[in-house]
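Geometric and topological summary
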Amino acid sequence: VERMIGSRREDDVAVLGVRIDHLLAAPLSIRLPAEPARLRSVRRQFRGWLSDHGVAHDDAESLLLAVGEAIANGIAHAYGNGSGELRVDANVDGGVLRVRVEDDGRWRPPRDDEGRGLQIIRGLCEDVEIVTGASGTMLTFARQLRAGNGQAVN
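Figured I'd write up the structure that's included with this text. (Residues numbered from 1 in each chain as written. Predicted model: local features only at pLDDT ≥ 70, side-chain atom pairs only at ≥ 80, totals over all residues. Heavy atoms only, no water.)

We note that Asp 127 has phi near 50 degrees; this positive angle belongs to a residue other than glycine. Following the sequence through the fold, Asp 127 ends up in strand S4 (residues 126-133). A relative accessible area of 58% means that Asp 127 is categorised as exposed. (Helix = DSSP H or I, 4+ residues; strand = E, 2+ residues; numbered from the N terminus. Buried < 20%, exposed > 50% of the residue type's maximum accessible area, 1.4 Å probe, protein only.)

Okay, helix H3 (residues 39-52) next. Counted at 1.5 Å a residue, the expected span for H3 with its 14 residues is 20 Å, and the 20 Å between its end C-alpha atoms agrees. Among the residues of H3, those classed as buried are Leu 39, Val 42, Phe 46, Trp 49 and Leu 50. Summarising the axial view, the buried residues of H3 lie within an arc of 100 degrees, below the 170-degree limit, and thus occupy one face. Exposed residues pointing more than 90 degrees away from the buried face of H3 are listed as Arg 40, Arg 44 and Asp 52. Just past H3, the residue Gly 54 takes up positive phi, approximately 70 degrees. (Expected span 1.5 Å × (residues − 1). Arc of directions from axis to C-beta.)

Pairing of strand S2 (residues 85-93) with strand S3 (residues 96-103), which is carried by eight bridges, proceeds in the antiparallel orientation. Bridged to Arg 87 within S3 is Glu 102. Turn length for the S2-S3 hairpin, with the two strands adjacent in sequence and antiparallel, is two residues, and the turn residue Gly 94 shows positive phi of about 60 degrees. Bridge analysis of S3 against strand S5 (residues 136-144) gives eight bridges, and the strand direction is antiparallel. (Pairing = 2+ DSSP bridges.)

Where H3 contacts helix H4 (residues 57-79), the axes come no closer than 10 Å and their chain directions differ by 145 degrees. As for the relative orientation of H3 and H4, their crossing is right-handed in sense. Where H3 approaches H4, its residues Leu 39, Val 42, Arg 43, Phe 46, Arg 47 and Leu 50 are matched on the opposing element by Ala 60, Glu 61, Leu 63, Leu 64, Val 67, Gly 68 and Ile 71. Across the contact of H3 with H4, the residue classes break down as nine nonpolar, one polar and three charged. (Axes fitted to C-alpha atoms, helices over the stretch in contact; angles between N-to-C directions. Left-handed = near helix turned anticlockwise from the far one by under 90°. Contact = heavy atoms within 4.5 Å. Nonpolar A, V, L, I, M, F, W, Y, C, P; charged D, E, K, R; others polar.)

Further remarks concern the sheet that holds S4. Strands sit in the order S1-S2-S3-S5-S4 across an open sheet of five strands; the sheet is antiparallel. Here the strands that pair on one side only, and so sit at the sheet edges, are strand S1 (28-33) and S4. The mean angle between the axes of side-by-side strands here comes to 10 degrees, regardless of whether they run parallel or antiparallel. As defined by bridge partners, S1 adjoins S2 across six bridges and the pair is classed as antiparallel. Paired with Arg 31 across the strands is Arg 87, a residue of S2. Across the sheet, H4 lies against S2, S3 and S5, angled at about 170 degrees from S5, the strand it touches most. On top of the sheet, helix H5 (residues 116-124) reaches S4 and S5; it is set at about 30 degrees to S5, its chief contact.

What follows is about the packing of aromatic side chains. Following the criterion strictly, the structure yields one aromatic pair and no others. Considering the side-chain rings of Phe 46 and Trp 49, the 6.0 Å spacing of their centres and the 15 degrees angle between planes classify their relative orientation as stacked. Residue Phe 46 and its partner Trp 49 are located together in helix H3, separated by three residues, close to a single helical turn. Of the two residues, Phe 46 and Trp 49, neither departs from the other in class, the shared state being buried. (Phe/Tyr/Trp six-rings, centres within 6.5 Å; stacked < 30°, edge-to-face > 60°.)

Shown next as C-alpha cells:
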C-alpha cells in the first residue's frame, strides 16, 4: 500500500479482490491407456484439480478412492488382458462434483456377486449409474462438496 499511495494517507484506502469463477470451474478431461500403471498419474492429476477447486480434504480423499475404483473397474472389466483407452471427465457445478469414466470395451461381469469397486463408489457418492452396451461402458457418479480451506467450491 505504501508503494501505491505513499506514507501519507489523506483518504480511505480500499483493496478489491476478484475471483474469475469460469477459470476455477474448468472441467477435467483425462485420456489414458487402460493400464494399471497409469492409475497413479490419474490420481495425481485429479488430486491437483480437486485442490484447485478448493475441495475439502475428506471429500478429496473419498473422490480419489472412487475414481481409482472406477478406473480399476474399467481396466479389469472392459479390456481384461487386452488394451484400450479410458476417459475420465469431471466437473463442478453448483457445489456438486460429477465424474464420468468411459471405456470402449465389452463389460465382463465380476467374479463374485458384485464387484467391491462399485460398492465402494456407491458408499462414497450419490447418483451412481453404470450403463453398458456394445460400444462400451459409462460409469457416472456425483458428490455434494463442502468448501475446503476457506475457499468456496463452485
